[in-house]
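Summary of the model geometry
Residue-level listing of the chains:
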Amino acid sequence: MGQIFGRRIAVLLPCYNEAATIAEVVRGFREALPEATIHVYDNNSTDGTALQAMLAGAEVERERRQGKGHVVRRMFADIEADIYVMADGDGTYAPADAEHLIRALLSERADMVVGTRRGVREDAGRQGHALGNRLFNRLYASLFGQGFTDIFSGYRAFSRRFVKSLPAMSGGFEIEAEMSVHAARLKLPIAEMELPYGRRPEGSVSKLSTFRDGARILWMLAVLAKETRPFAVFGAFSALSLLASLAFMTPVLLEYFTTGLVSRLPTWIFSMALMMMGLLLLTAGLILDSLAHARVEQLRLHYMSVPQTGVSEAPAAPVYRKPRAADAA
């Protein structure tokens, strides 16, 4: 593997039926990053994607489990480099922008730089994707914070530390959201850079399903919220249960204090059951929150144990120190 900026750079291109564009994409990255190694992982394509990538000069591997998340997990496990650049094989991201992402990664001493998509709302005219992108970005910000403005961008640069510490449990297109949550969870240094986002060339078809993949992403965000913020999630359900308990309990108590009788005994029992459920949910949230903090500490320690190659080896900026009297003497 060659070196650029004194570091080993790998370009990762997960692909599924991108024969119409992959050769041009590979040639574009070879021109933009001449010494980088271009890795194409074919995900059961039936249109000759692997052959086109190989003829264009990429190193081609196959991942049999269907889904982008499975491909990315395999790439991150297999490939050794100091800096990783990930893009799509559909030609919507400009290879010439890869150098800008790498320079931002080095200058910001970041673990991930996201190329936010300037023209994402014109993605092949699919307004469902544009609306879903806006809604999910707002949902992500409300759940995990304001660190990202485009959590589904597939054009990113990573440090070795980020790649080797990411659990990568997703199976499909929700992998980008998992990356963003991982960075927010460990409070890793990240940066964003707005880049142009092109339309798909003729013959290239989007693999995204607006409703199916949207539902999978929504479920993944819910699971990640439960794993990373269990007290907030279980606390919300606990509050709903306790409020419902009070709503059913109040008329029974009013009747008892007025007449000394309880004529709606089933309602009283149901309200008490809701209260017990709410208290159990609150207790579960407190316990799981402690476990989540311990898990973050373990992930952080693993992240710190990865050798400081690539970004972390970038020379530090010179620090100006005011001369002291002793120095003058």
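In what follows, the structure referred to is the one given above.
Residues numbered from 1 in each chain as written. Predicted model: local features only at pLDDT ≥ 70, side-chain atom pairs only at ≥ 80, totals over all residues. Heavy atoms only, no water.

Right, let's talk about the side chain of Ser180 for a bit. Looking at the secondary structure, you find Ser180 in helix α7 (residues 175-185). You can call Ser180 buried: its relative accessible area is 0%. With sequence-adjacent residues up to four places away left out, Ser180 is seen in contact with Met112, Tyr140, Phe148, Ile151 and Arg156. (Helix = DSSP H or I, 4+ residues; strand = E, 2+ residues; numbered from the N terminus. Buried < 20%, exposed > 50% of the residue type's maximum accessible area, 1.4 Å probe, protein only. Contact = heavy atoms within 4.5 Å.)

So, about the pairing of strand β7 (residues 156-159). In β7, alternate side chains face the same way, and those of Arg156 and Phe158 on one face and Ala157 and Ser159 on the other are all buried. Across four bridges, the pairing between strand β5 (residues 83-86) and β7 is antiparallel. Paired with Tyr84 across the strands is Phe158, a residue of β7. The sheet contact formed by strand β6 (residues 112-117) and β7 spans three bridges and is antiparallel. Across the sheet, Met112 pairs through a bridge with Phe158, a residue of β7. (Pairing = 2+ DSSP bridges.)

Under the definition given, this model contains ten aromatic pairs. Judged by centre distance (5.8 Å) and plane angle (90 degrees), the rings of Phe136 and Phe152 are edge-to-face. Placement of Phe136 in helix α5 (residues 127-144) and of Phe152 in the loop between α5 and β7 is noted, with a sequence separation of 16 residues between them. By relative accessible area, Phe136 is classed as buried at 13%. For Phe152, a relative accessible area of 13% corresponds to the buried category. Taken together, the ring pairs in this structure connect Phe76, Tyr84, Phe158 and Phe162 into an aromatic cluster. (Phe/Tyr/Trp six-rings, centres within 6.5 Å; stacked < 30°, edge-to-face > 60°.)

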